[in-house]
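Spelled out, the chains give:
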Amino acid sequence: MKKTDFTASLGKRIAELRVARKMSQDNLAEICEMTTHAISLIETGNRFPRIDTLEKISNAFGVEVYDLFDFTECDINLEDMQNSIAKMSEVIKNDKVKTIALYNFLKNLINM
């Protein structure tokens, strides 16, 4: 996946939340049942996490998933965001549980 401002901003936000909680990448990886390398790829904006990964990360921080996307100070390209949402939708299109989770997440986000 091409590195985008949106993906980089999300990674930066996750790293900020992790550091604020005095967690290492190893700690976060263990809690989320992931590798440290995967956490590093997400935090550097080289991988966009799946919805279930976002849920694990938000649970590890004790926040809601939408809090991971609280990076309004970053310059985010609208087209990059729309492309990322479209890619997420495409990845989960045959998974009813994940589709429902994404739908509910977006519905709750819009109703904030």
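Residues numbered from 1 in each chain as written. Predicted model: local features only at pLDDT ≥ 70, side-chain atom pairs only at ≥ 80, totals over all residues. Heavy atoms only, no water.

(A) Broad picture of the packing of helix α1 (residues 5–20) against helix α5 (residues 78–91). One way to put it is that α1 packs onto α5 with a least axis distance of 8 Å and a crossing angle of 80°. Taken together, α1 and α5 sit at an angle that is classed as roughly perpendicular. For the pair formed by α1 and α5, the contact residues are D5, F6 and T7 on the first element and D80, M81 and S84 on the second. When grouped by side-chain class, the residues that make up the contact of α1 with α5 number two nonpolar, two polar and two charged. (Axes fitted to C-alpha atoms, helices over the stretch in contact; angles between N-to-C directions. Helix = DSSP H or I, 4+ residues; strand = E, 2+ residues; numbered from the N terminus. Parallel < 35°, antiparallel > 145°, perpendicular 65-115°, else oblique. Contact = heavy atoms within 4.5 Å. Nonpolar A, V, L, I, M, F, W, Y, C, P; charged D, E, K, R; others polar.)

(B) Seen up close, unusual backbone geometry. Despite not being glycine, K22 has its phi angle at roughly 55°, a positive value. One can find K22 in the loop between α1 and α2 (25–32). Note on K22: relative accessible area 75%, which makes it exposed. The backbone of E33 sits at a positive phi, close to 55°, despite the residue not being glycine. Assignment of secondary structure puts E33 in the loop between α2 and α3 (36–43). For E33, a relative accessible area of 67% gives the class exposed. (Buried < 20%, exposed > 50% of the residue type's maximum accessible area, 1.4 Å probe, protein only.)

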